[in-house]
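Structural overview
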Amino acid sequence: MGGCFSKPKPVEVKIEVVIPEKERSKEEMSPNGKASPLIYKVNGTARHYHLEEHPIASNPYHNPKDVVEASVCHVKDLENGQMREVDLGCGKALLIKESGEFYAMGHKCPHYGAPLVKGVLSKGRVRCPWHGACFNISTGDIEDFPGLDSLPRFQVKIEKEKVYIRASKQALQTQRRTKMMAKCISLSNYNLSSTNVLIIGAGAAGLVCAETLRQEGFSDRIVMCTMDRHLPYDRPKLSKSMDSHPEQIALRPKEFFRTYDIEVLTEMQVAAVDIKNKIAVFKDGFKMEYNKLLIATGNTPKALSCKGKEVENVFNIRTPEDANRVVKLATSKNVVIVGASFLGMEVAAYLAERAHSVSLVELEEVPFKKFFGERVGRAVMKMFENHRVKFYMQTEVSELREQENKLKEVVLKSGKVLRADVCVVGIGAVPATGFLKQSGINIDSKGFIVVNKMMQTNIPGVFAAGDTVMFPLALRNNKKVNVPHWQMAHMHGRIAALNMLAHGTEISTIPYLWTAMFGKSIRYAGHGEGFDDVVIQGDLDELKFVAFYTKRGPRRWLWCGRTASCAESQRSDEVVAVASMNYDPIVSKVAEVLAAGRTIRKRDVELFVRHGKTGDMSWLTGKGS
């Protein structure tokens with residue numbers, strides 16, 4: 001199957017199904033052998049997988065009435081490296097020219113509908129300008145996240161120097177394509193207390209792991225378990241769109257899980273893992289055997305430790321019910337938010353127009369100072385103040401006061417007393433790994449699970465992914481980092497699945513995240529932890545800017561040429577992350593440069609800033625040194 005790491009090839013666009021032919025080991029999955037996507041043994045019985053039926057024919061469009069063909073441009077209208085959104089009458093497509101070949105596919109990112117024509121085309125793939133998802137131009141396959149679906153791919157032909165696109169009307173309307181997946185063979189033969197793959201956690205990492213296994217032809221039992229009462233949903237929307245109901249933010253409908261035999265056990269908490277006997281023990285005493293295990297339990301929000309913390313109407317936003325309840329209680333009331341975290345700031349922005357008052361309490365001097373830097377943080381703070389959000393900085397909550405057991409006031413250590421009908425706590429989170437303390441799985445002093453580049457723990461057959469892991473980040477010279485963001489959780493899940501199948505795939509993606517407040521988005525790529533300086537282009541007051549985060553690079557020894565043994569060291573400041581507002585698609589451009597393994601030097605971006613839009617941008621196109 002076409003995977004996230006397939007290399008784009010300039011071939012004629014046509015739809016076909018390719019079944020893996022290379023025979024892999026028919027042994028049960030183990031760290032030393034590969035699981036066959038064709039034949040798999042369960043309890044000594046060989047089972048063949050099957051894909052959802054898609055007839056293969058020379059004409060991929062089975063219903064002529066569903067087909068549209070249109071001339072969209074002259075062959076000379078597009079130069080190499082250019083994209084154009086074209087209208088076929090009943091829908092639009094993205095036309096691309098690269099290396100003399102034309103390609104056509106869906107024009108909207110399946111994640112949130114961003115126009116891909118405004119994205120970045122680089123070496124056979126298009127990167128979304130909003131959230132960084134990447135799509136192979138030859139296949140339409142998704143190669144980096146967020147999002148679950150790929151793009152439909154359309155036929156292109158050249159006649160008399162005109163470019164024609166032939167497409168399915170349905171595909172033009174949906175603008176998305178779910179990759180073919182295997183199905184489980186005869187679930188009735190399984191023992192309910194035994195599974196081949198057990199996934200603890202049903203967030204993005206867990207779901208992508210399950211889907212990737214099916215996409216790669218894995219046809220044995222997959223069980224996901226979650227403490228949540230819902231099927232996997234778009235968790236970032238809990239703070240960005242707080243009145244969304246679970247069915248509105250579901251990542252996949254119930255029918256999807258039935259169709260592809262992905263079992264989800266809701267409201268089920270794992271209490272311990274016996275790695276010797278490969279058994280997960282649930283809180284209610286139920287036990288389940290597994291062959292491969294993925295731990296993707298995410299984080300647990302920190303709670304306040306002050307006096308009165310048990311009063312009603314104090315919330316951590318963890319579920320759709322939490323978010324919905326807060327909106328209902330906050331409407332025309334007084335809200336206090338503790339913590340200028342991403343969650344805290346997004347909740348403040350969402351409630352600002354609904355609540356009577358919104359007060360935000362933060363220990364630091366400026367919001368996002370450690371993440372975006374002081375100057376960007378102050379610009380964001382000013383935007384909030386312009387929307388009637390009141391900040392109380394460099395202080396903490398000392399007491400929550402109640403009246404008839406419901407929140408009435410929030411008392412700060414500074415002595416200030418704030419009226420409050422509802423309080424939202426966003427002071428960070430800790431890894432949800434307490435149940436693993438006696439397991440033998442390597443956990444660091446902060447509770448994070450330590451994994452390698454293939455998302456493997458120190459225990460064979462046990463993988464971990466998402467917010468709960470420390471993993472080697474290629475961008476930062478394989479330094480072990482924790483990146484608790486949505487896009488990275490997707491990629492973790494995919495890498496874990498591929499390596500459950502012994503593909504030997506290492507993670508190399510560039511972190512990409514976003515936050516939305518008052519209809520504006522900050523986009524961010526890279527990993528700027530511990531940055532030394534920030535170089536800013538644009539106008540912070542107008543909230544139209546790009547910020548480059550730089551850090552002193554590793555020491556490099558150079559031959560100086562003065563004596564036979566003479567060498568001298570040199571260290572240069574390098575860009576490790578970038579953030580922007582109203583400056584698309586520069587964050588996606590920088591992400592592509594970093595993904596290609598190229599270094600962006602501080603002096604290059606300083607020249608760019610000094611000369612404005614007329615400055616040298618070869619460092620961004622890859623044409624420079």
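Residues numbered from 1 in each chain as written. Predicted model: local features only at pLDDT ≥ 70, side-chain atom pairs only at ≥ 80, totals over all residues. Heavy atoms only, no water.

**Re the overall build of the chain**
Helix and strand content of the chain: 12 helices and 42 strands. For the chain, with 625 residues in total, the buried portion stands at 54%. Long-range contacts, defined here as pairs at least 24 residues apart, represent 63% of the contacts in the chain between residues at least 6 apart. Per element, the accessible surface of the chain, about 28300 Å² overall, is 46% carbon and sulfur. (Helix = DSSP H or I, 4+ residues; strand = E, 2+ residues; numbered from the N terminus. Buried < 20%, exposed > 50% of the residue type's maximum accessible area, 1.4 Å probe, protein only. Contact = heavy atoms within 4.5 Å. Areas by Shrake-Rupley, 256 points an atom, 1.4 Å probe, with all protein chains shown as cover.)

**Description of empty space enclosed by the protein**
Regions of empty space are outlined by a rolling probe, equal in size to a water molecule, passed over the atoms. In the structure shown here, the tally under the stated rule is 1 cavity of 30 Å³ or more. Taken as a whole, the largest cavity holds about 90 Å³ of empty space. Lining of the largest cavity is provided by 10 residues; of these, Ile142, Phe145, Leu148, Thr212 and Gln215 occupy positions nearest its centre. With 4 residues, the single largest contributor to the lining of the largest cavity is helix H2 (residues 204-215). Three or more residues apiece are contributed to the lining of the largest cavity by two domains, here domain 1 (67-174) and domain 2 (180-302 + 432-510). (1 Å grid on protein atoms, 1.4 Å probe; cavity = no way out; pocket = protein on both sides within 12 Å on 5 of 7 lines; lining within 4 Å. Points joined across faces, edges and corners; volume = space filled by probe spheres on them. Domains from an automatic or database assignment.)

**Quick look at the pattern of salt bridges**
Counting across every chain of the model gives 32 salt bridges. Note that Glu374 and Arg378 form a salt bridge whose closest N and O atoms lie 3.1 Å from each other. Within this pair, Glu374 and its partner Arg378 are both found in helix H8 (residues 374-385), separated by 4 residues, close to a single helical turn. Owing to a relative accessible area of 34%, Glu374 belongs among the partly exposed residues under this scheme. Taking relative accessible area as the criterion, Arg378 reaches 36% and is therefore assigned partly exposed. Among the salt bridges present, the one from Asp541 reaches Lys382, with a minimum N-O distance of 3.9 Å. (Salt bridge = Lys/Arg side-chain N within 4 Å of Asp/Glu carboxyl O.)

**Some remarks on unusual backbone geometry**
The phi torsion of most residues other than glycine is negative, and most of the peptide bonds are trans. For the peptide bond that leads from Phe145 to Pro146, omega is 20°, which places it in the cis range. Take Pro146: it is sitting in the loop between strand E11 (142-144) and strand E12 (153-159). Cis geometry marks the peptide bond from Asp584 to Pro585, where omega comes out at 0°. Locating Pro585 in the fold gives a position in the loop between strand E42 (573-581) and helix H10 (586-595). In the Ramachandran plot, Ser99 falls in the positive-phi region, its phi being about 55° despite a non-glycine side chain. Turning to its location among the elements, Ser99 is positioned in the loop between strand E6 (92-98) and strand E7 (101-105).

**Digging into the nonpolar core**
Counting residues in hydrophobic clusters, the biggest one holds 80 residues, and the most contacted among them are Ile96, Val126, Leu198, Leu213, Leu294, Ile295 and Phe471. In terms of residues, this core owes the most to one element, helix H9 (residues 486-500), which gives 8 residues. Here this core spans two domains, since at least three of its residues come from each of domain 1 (67-174) and domain 2 (180-302 + 432-510). Excluding anything up to four places from it in sequence, Leu198 contacts Val223, Cys225, Ala280, Met288, Tyr290, Lys292, Leu293 and Leu294. Residues Val327, Val335, Val358 and Tyr524 belong to the second largest nonpolar core, which totals 53 residues. (Core = buried A, V, L, I, M, F, W, Y, C linked by side-chain atoms within 4.5 Å.)

**Some remarks on H2**
An ideal rise of 1.5 Å per residue puts 16 Å on 12 residues; H2 measures up with 16 Å between its terminal C-alpha atoms. Of all the 12 residues making up H2, 12 are buried; the element is thus mostly covered by neighbouring parts of the structure. Taken from the residues just after H2, Gly217 is the one with a positive phi, measuring 95°. (Expected span 1.5 Å × (residues − 1).)

**Notes on the environment of Pro232**
Mapping Pro232 onto the fold places it in the loop between strand E16 (222-225) and helix H3 (237-240). You can call Pro232 buried: its relative accessible area is 1%. Sequence separation of Pro232 and Lys254 is 22 residues, and the distance between their C-alpha atoms is 9.9 Å. Once residues within four sequence positions are removed from consideration, Pro232 is found in contact with Ala202, Leu207, Met224, Ala250, Leu251, Arg252 and Phe257.

**Brief notes about the sheet that holds strand E35 (residues 479-481)**
Pairing between the strands of a sheet comes from backbone hydrogen bonds, and it takes one of two forms, parallel or antiparallel. The mixed open sheet is built from 3 strands, whose spatial order is E32-E34-E35. Each edge of the open sheet carries a strand with a single partner, namely strand E32 (449-450) and E35. (Pairing = 2+ DSSP bridges.)

**Some remarks on the sheet that holds strand E10 (residues 134-136)**
On the basis of which strands lie adjacent, the open sheet formed by 4 strands has the order E8-E9-E10-E11 and antiparallel pairing. Both edges of this open sheet fall to strand E8 (120-122) and E11, since each of them pairs with a single strand only. Pairs of neighbouring strands in the sheet enclose a mean axial angle of 30°, with direction left out of account. By the bridge criterion, 2 bridges tie E10 to E11 in an arrangement that is antiparallel. Each bridged residue has a counterpart across the sheet, and for Cys134 the counterpart in E11 is Asp144. The sheet strands contacting H10 are E8, strand E9 (125-127) and E10, and the helix crosses E9 at an angle near 135°. (Axes fitted to C-alpha atoms, helices over the stretch in contact; angles between N-to-C directions.)

**Things to note about the state of the cysteines**
Considering all chains together, one arrives at 0 disulfides under this definition. Not part of a disulfide, Cys109 finds its nearest cysteine sulfur in Cys128, a span of 4.0 Å. Under the relative-accessibility criterion, Cys109 is labelled buried at 4%. (Disulfide = S-S within 2.5 Å.)

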